[in-house]
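What follows is each chain in one-letter form.
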Amino acid sequence: EGMALPQRIFPREKICMDWKQRQRPGAGLFNLGNTCYINVILQCLTYTPPLANYLLSHQHSQSCQQQGFCMMCTMEAHVRKVLCSSASTVLPGAVLRDLKFIGEEFEYGRQENAHEFLRCTLSAMHRACLSGRRDLDVSSPETTIVHRIFRGFMKIRVTCLSCQAVVDSYKAFLDVSLDIRVRASSLITVLEDYVAPKQLDQKECFRCRKCKKKAGASRKVTVHHAPRVLTLCLQRADQWTGTKISKFVEYPEYLDLRPYMSDTAGEPLLCSLYAIVVHSGDTCLEGHFFCYTKASNGLWYKMDDESVDNCDIHTVLGQQAYLLFYAR
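Residues numbered from 1 in each chain as written. Predicted model: local features only at pLDDT ≥ 70, side-chain atom pairs only at ≥ 80, totals over all residues. Heavy atoms only, no water.

Novice: Explain the overall build of the chain here, please?
Specialist: If you tally the helices and strands in the chain, you get ten helices and 16 strands. Against the compact-globule benchmark of 20 Å for 328 residues, the chain has a radius of gyration of 21 Å, which places it among compact chains. Each principal axis of the C-alpha distribution contributes one length, and for the chain these read about 65 × 50 × 40 Å. Among the 328 residues that make up the chain, the fraction classed as buried is 49%. Counting contacts in the chain only where the partners sit at least 6 residues apart, residues at least 24 apart contribute 67% of the total. About 16000 Å² of surface is accessible on the chain, with carbon and sulfur atoms providing 49% of the total. Of the side-chain charges in the chain, 40 are positive and 33 negative, and the distance between the mean point of each set is 8 Å. (Helix = DSSP H or I, 4+ residues; strand = E, 2+ residues; numbered from the N terminus. Rg over C-alpha atoms; globule rule 2.2 N^0.38 Å. Buried < 20%, exposed > 50% of the residue type's maximum accessible area, 1.4 Å probe, protein only. Contact = heavy atoms within 4.5 Å. Areas by Shrake-Rupley, 256 points an atom, 1.4 Å probe, with all protein chains shown as cover. Lys, Arg positive; Asp, Glu negative; His and termini not counted. Charge placed at Lys NZ, Arg CZ, Asp CG, Glu CD.)

Right, dumping it as structure tokens:
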């Protein structure tokens, strides 16, 4: 349907969405000064079942031939230390030491954005999976364990308002950023607004391929292929003023993606919330990040740097969420 088939370097059947072993929650993470944005992402990834299952299997490190820094080996060691150590708090030392290899813009000791750190971490893990793979066709989109879990595809349909001709294109994504400034009482209304057709700005020049006219056009974005783990970012920084948007946006424990898909007539596509990231503070440039994660024992915990405290789902659903993680 217009998308190139990816090369399969990680078999689909090897991905297990359920925890292979159930246990108490793991350790908290030391904050060495403005490192809370790192800690929350590490914790959310640690409690992503298909990723944790893979990392705990040692499958990557057993065959890794990368010299020097490898983000997959780093994450493998970190997840094992958090989930298998008897310590109540551990230091993510390897991540902090090699911060520049994850993202050049990150500076140790300076508060950074958790969403940006997530993107850079997934990118670094993906690159690590491709390291040394000389057999890959560079013109084909590769599929690693990271992309198998987190990558989906959007369908962008542009319709000519003069002759109704349509042009479809597709775009891969690892997370979806959502504007919560308007119609933002709940995640459902935000998603409905996201997939609603929108007329292109007059400044955006559109020449229809069919009628050959410069005409008005509408653009509709839908989820064409849903990822196994859907990551949603509720944009808390106003893009015009830079001020923080502190409104509460209601979000469900279980989310049906079907109404936002290209094919809305299929079976329900249910996702379950398993982690959220919260930012506290008056501005987006300062403050503190903490998270809530669902451990392999099925219980929820608030993870705030060194502290790991159990909580209930009502507490989880009552937060000013910044990042939401849903697993199919």
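Novice: Can you help me understand the pairing of strand β15 (residues 307-311) in this one?
Specialist: Looking along a regular strand, one sees the side chains alternate between the two faces of the sheet. As defined by bridge partners, strand β14 (residues 300-304) adjoins β15 across five bridges and the pair is classed as antiparallel. Each residue of the ladder has a partner; that of Trp300, found in β15, is Cys311. The turn joining β14 and β15, which pair antiparallel and follow one another in sequence, is formed by two residues; a positive phi near 55° is taken by Asp305. (Pairing = 2+ DSSP bridges.)

Novice: Even after reading the chapter, I still don't get the packing of aromatic side chains, so can you show me in this structure?
Specialist: In this description, an aromatic ring pair is defined by two values, namely the gap between the centres and the angle between the planes. Inspection of every chain in the model, using the stated rule, returns eight aromatic pairs. Look at Tyr37 and Phe117: their rings are 5.6 Å apart centre to centre, the planes differ by 90°, and that puts the pair in the edge-to-face class. On the criterion of sequence distance, the pair formed by Tyr37 in helix α1 (residues 36-46) and Phe117 in helix α7 (residues 114-130) is long-range, its members being 80 residues apart. Like Phe117, Tyr37 is buried. Of the aromatic side chains, those joined through ring pairs into one cluster are Tyr37, Phe106 and Phe117. The aromatic ring of Phe290 is capped on one face by Lys302, whose charged end is 4.7 Å from the ring centroid. (Phe/Tyr/Trp six-rings, centres within 6.5 Å; stacked < 30°, edge-to-face > 60°. Lys NZ or Arg CZ within 6 Å of the ring centre and 35° of its normal.)

Novice: Mind showing me how you'd approach α7 here?
Specialist: At 3.6 residues per turn, the α-helix brings residues three or four places apart onto the same side. The terminal C-alpha atoms of α7, which comprises 17 residues, lie 25 Å apart, in line with the 24 Å expected from a rise of 1.5 Å per residue. Most of α7 is tucked away: 13 of the 17 residues are buried. A distance of 2.8 Å separates the backbone nitrogen of His115 from a side-chain oxygen at the start of α7, and that oxygen is part of Asn113. (Expected span 1.5 Å × (residues − 1). Polar contact = N/O pair within 3.5 Å; in protein donor to acceptor, adjacent residues only side chain to side chain.)

Novice: Mind showing me how you'd approach the environment of Gln235 here?
Specialist: Here Gln235 shows up in strand β10 (residues 229-235). Gln235 sits 55 residues away from Ile180 along the chain, and the two C-alpha atoms are 6.4 Å apart. Discounting chain neighbours no more than four positions away, the residues touching Gln235 are Ser177, Leu178, Asp179, Ile180 and Ile245.

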